[in-house]
Amino acid sequence: FQGIFVLGLPYAVLHSGYSGLLLIVLAAALCCYTGKILIACLYEENEDGQLIRVRDTYEDIANACCKKLCPSLGGIVVNVTQVVELIMTCILYLVVSGNLLSHSFPYVPLTEKTWSVIAFVTLLPCIFIRTLKIVSKLSQLCSLVHFVIIFVVITYCLTQVHQWSWAKFRLSLEFEDFLVSVGVIIFSYTSQIFLPTLEGNMKNPGEFRCMLNWTHFFACILKTTFALTAFLTWGEKTKEVITDNLPSFLETLVNLCLLTKALLSYPLPFFAATEIVYSCISEDNHSNYRSPLLALTVRGSFLLLTLLMAMFTPHFALLMGLSGSVTGAAMTFLLPSLFHLKLKWKKLSFLEKCADISVFILGFLCSLAGIVCSMKGLLDVFG
């Protein structure tokens, strides 16, 4: 998912100027922080003062926070939010795959929706994925493809260094365009949904914080370099998806790499969504939880749902923006800071409390701004 947003970073810098570069750094720091406090909510101190993992999922954290109000309310809200975001992400990959295929093979008389169906067929083996190990291997391949894309674009930009000019950066900002840039930059870092599972599957969970620091640091360096070099190369001509600025032969190559990345990225949100559904089913009926027929039915239903929504949902990009502003901001900023304050209030210092409250307010403002922009777009379309 991050790879799709990364390609829009130069366009975000076009509309945000120097502040966009600062936002890339700030977003990395904030998302790294919320990832840490979310994982901290999984642990409690025992009588000896040692940290013990007493919760396993985002749902467990939510239930612990709402146990006095309604024991299962928090888990239901979190699960619904996660599933909506994950499904929308899967649909986005199908839509993007259809778009990339149609642009890569313009002489083939097929529509984007038909290409999406072809991409869907290649994803059918996902119904047989049962473990995170398979997903992690596919994600590794996805990361390699991602680096190839970034390398190709940056290399081409470096060949055009003779035409770079810092005068292309602008200081004045248009508020609405700036809000779009904020959304693109912040949500290029989101990964909180997967962190509890990731930390729980690490051989040495004690290294999680260090891992999070280094991955966000390198992601920040890579994204800043990518956005800066691409914008300096094309300036005001920078397009929404930077690959559209490349020469035709490179554009086709990068589009095919993007297609590969989109297809390899699909299994992770797909697997996460089905696992959430399985955990809910297991609470009601343990005997059916491991039923192979039930597993195939749930996965097949999810696959079909993503295809149908990709095919028949009008103005999907605007709906994606609307749901992302709600679910993305909630899972990345609002809930981690809120849960951390609720579960750790007595042990937090004054500065830590201020940090959590600041992140919550910032997340709320970003969410509100994204909702307003998306609603305005939908009203313009339907009006």
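Before any of the text, the structure's been laid out above.
Described in the following lines is the structure provided in the data block. Keep in mind it's a predicted model, so treat the numbers as computed, not measured. Once a new chain begins, its residue numbering starts again from 1 and follows that chain's sequence as written. Under the rules for a predicted model, residues below a pLDDT of 70 receive no local features and side-chain atom pairs below 80 are neither given nor counted, while totals for whole chains, interfaces and linings still include all residues. Processing note: side-chain calculations cover all non-hydrogen atoms of the structure and skip hydrogens and water entirely.

### Concerning the overall build of the protein
Part 1 of the argument: In terms of helices and strands, the protein carries 16 helices and two strands.
Part 2 of the argument: When we talk radius of gyration, it's over C-alpha atoms, and the globule rule is simply 2.2 Å times the number of residues to the 0.38. The C-alpha atoms of the protein give a radius of gyration of 21 Å, which matches the 21 Å a tight globule of 383 residues would have.
Part 3 of the argument: Along the first, second and third principal axes, the C-alpha set of the protein runs to 65 × 50 × 45 Å.
Part 4 of the argument: Accessibility here uses a 1.4 Å probe with only protein chains present; expressed as a share of the type maximum, an area under 20% marks a residue as buried, one over 50% as exposed, and anything in between as partly exposed. Burial analysis of the protein (383 residues in total) assigns 48% to the buried set.
Part 5 of the argument: A separation of at least 24 residues holds for 78% of the contacts in the protein among residues at least 6 apart in sequence.
Part 6 of the argument: For the protein, the accessible area works out to roughly 19300 Å², and carbon and sulfur atoms hold 69% of it.
Part 7 of the argument: Positive: Lys, Arg. Negative: Asp, Glu. His and the chain ends are not part of the count. The atoms used to mark charge sites are NZ of Lys, CZ of Arg, CG of Asp and CD of Glu. Between the centroid of the 25 positive side chains of the protein and the centroid of its 24 negative side chains there is a distance of 4 Å. Counting from the N terminus, the helices are DSSP H or I runs at least four residues long and the strands are E runs at least two residues long. Any two residues whose heavy atoms approach within 4.5 Å are treated as being in contact. In short, Shrake-Rupley with a 1.4 Å probe defines the accessible areas, and a residue's cover is counted only from the protein chains shown.

### What about helix 2 (residues 9-16)?
Part 1 of the argument: The buried count for helix 2 comes to seven of eight residues, which makes it a mostly enclosed element.
Part 2 of the argument: Looking only at helix 2, the buried set comprises L9, P10, A12, V13, L14, H15 and S16.
Part 3 of the argument: Immediately downstream of helix 2, the backbone of G17 shows phi near 60°, a positive value.

### Things to note about a positive patch on the surface
Part 1 of the argument: Exposure above 30% relative accessible area and no salt bridge define the residues that can form patches, which grow by joining like charges within 9 Å and nonpolar side chains of Val, Leu, Ile, Met, Phe, Trp and Tyr within 5 Å. Salt bridges are identified by distance alone: a Lys or Arg side-chain nitrogen within 4 Å of an Asp or Glu carboxyl oxygen. A cluster of basic residues, K67, K68, K342 and K346, forms a positive patch at the surface.
Part 2 of the argument: In this fold, K67 is placed in the loop between helix 4 (58-65) and helix 5 (73-104).

### What about the nonpolar core?
Part 1 of the argument: One finds L94, F226, Y266 and F339 to be the most contacted residues of the largest nonpolar core, which totals 98 residues.
Part 2 of the argument: Apart from the residues within four sequence positions on either side, F339 is in contact with C41, Y58, I61, A62, C65 and V78. Think of a nonpolar core as a cluster: buried Ala, Val, Leu, Ile, Met, Phe, Trp, Tyr and Cys residues, connected wherever their side-chain atoms sit within 4.5 Å.

### Quick look at the packing of helix 6 (residues 112-122) against helix 14 (residues 292-312)
Angle between the axes and distance between the axes are the two parameters that describe a pair of packed helices.
Part 1 of the argument: One can describe the packing of helix 6 onto helix 14 by two numbers: an axis separation of 10 Å at closest approach and a directional angle of 165°. For the element pair helix 6 / helix 14, the angle class is roughly antiparallel. The two elements helix 6 and helix 14 meet at a crossing, and its hand is right-handed. From helix 6, K113, S116, V117 and F120 reach across to helix 14, where they touch L303, L304, L307 and M311.
Part 2 of the argument: Its residues placed into classes, the contact of helix 6 with helix 14 shows six nonpolar, one polar and one charged. All axes are obtained by fitting lines to C-alpha atoms, using only the stretch in contact for helices, and the reported angles, taken between N-to-C directions, cover 0 to 180 degrees. Comment on the angle field: the value is read as roughly parallel under 35 degrees, roughly antiparallel over 145, roughly perpendicular from 65 to 115, and oblique elsewhere. Crossing handedness follows the turn of the near helix against the far one: under a right angle anticlockwise gives a left-handed crossing, and clockwise gives a right-handed one. Polar here means any residue outside two lists: the nonpolar Ala, Val, Leu, Ile, Met, Phe, Trp, Tyr, Cys and Pro, and the charged Asp, Glu, Lys and Arg; Gly therefore counts as polar.

### Some words on helix 11 (residues 248-265)
Part 1 of the argument: Expected span, for any helix, means 1.5 Å times one less than how many residues it has. For helix 11, with 18 residues, the first-to-last C-alpha span of 25 Å sits near the 26 Å given by 1.5 Å per residue.
Part 2 of the argument: Residues L250, E251, V254, N255, C257, L258, L259, K261, A262, L264 and S265 constitute the buried set of helix 11.

### A short note on the pattern of salt bridges
Part 1 of the argument: As enumerated under the stated definition, the model contains five salt bridges in all.
Part 2 of the argument: Across the pair E45 and K347 runs a salt bridge, and its minimum N-O distance is 4.0 Å. Of this pair, E45 sits in strand 1 (residues 43-45) while K347 sits in the loop between helix 15 (316-344) and helix 16 (350-382), placing them 302 residues apart in sequence.
Part 3 of the argument: For E199, the salt bridge identified is with R53, shortest N-O distance 2.9 Å.

### Overview of a nonpolar patch on the surface
Part 1 of the argument: On the surface, L338, I357, F360, I361, F364, L365, L368 and V372 cluster together into a nonpolar patch covering about 690 Å² of accessible area.
Part 2 of the argument: No other element matches the seven residues that helix 16 contributes to the nonpolar patch.
Part 3 of the argument: For L368, the location among the structural elements is in helix 16.

### Looking at the environment of L307
Part 1 of the argument: With respect to the helices, strands and loops of the structure, L307 is situated in helix 14.
Part 2 of the argument: C-alpha separation for the pair L307 and M331, spaced 24 residues apart in sequence, amounts to 25 Å.
Part 3 of the argument: Once residues within four sequence positions are removed from consideration, L307 is found in contact with L94, S116, V117 and F120.

### Focus: the side chain of K36
Part 1 of the argument: Looking at where K36 falls in the secondary structure, it is placed in helix 3 (residues 18-40).
Part 2 of the argument: Here K36 is buried and forms no salt bridge, its nearest opposite-charge partner E352 lying at an N-O distance of 11 Å.
Part 3 of the argument: The contacts of K36, once residues within four sequence positions are left out, are R209, L212 and N213.

### Concerning the packing of aromatic side chains
Part 1 of the argument: Centres within 6.5 Å make a pair out of two Phe, Tyr or Trp rings, where for Trp the six-membered ring is used; the pair is then stacked when the planes are under 30 degrees apart, edge-to-face when over 60, and tilted otherwise. In this structure the tally under the stated criterion is seven aromatic pairs.
Part 2 of the argument: Considering the side-chain rings of W214 and F218, the 5.6 Å spacing of their centres and the 25° angle between planes classify their relative orientation as stacked. On the criterion of helical spacing, the pair formed by W214 and F218 is a turn pair, its members being four residues apart in helix 10 (residues 208-234).
Part 3 of the argument: Ring-pair connections join several aromatic residues into one group, and the members of that group are W214, F217 and F218.
Part 4 of the argument: The criterion is that NZ of a Lys, or CZ of an Arg, lies within 6 Å of the ring centre and within 35 degrees of the ring normal, and then a charge sits over that ring. Between K223 and the ring centre of Y189, over which it is positioned, the NZ or CZ distance is 3.7 Å.
Part 5 of the argument: When the ring centre of W345 is taken as reference, the NZ or CZ atom of K353 above it lies at 4.0 Å.

### Some thoughts on the packing of helix 7 (residues 132-159) against helix 10
Part 1 of the argument: Relative orientation of the contacting elements helix 7 and helix 10 amounts to 40°, with a least axis distance of 9 Å. When the interaxial angle is binned, helix 7 and helix 10 end up oblique. Here helix 7 runs over helix 10; the crossing is left-handed. Contacts between helix 7 and helix 10 involve F147, I150, V153, I154, Y156 and C157 on the former and, on the latter, L222, T225, F226, T229, A230, T233 and W234.
Part 2 of the argument: Residue composition of the contact of helix 7 with helix 10, grouped by class: ten nonpolar, three polar and no charged.

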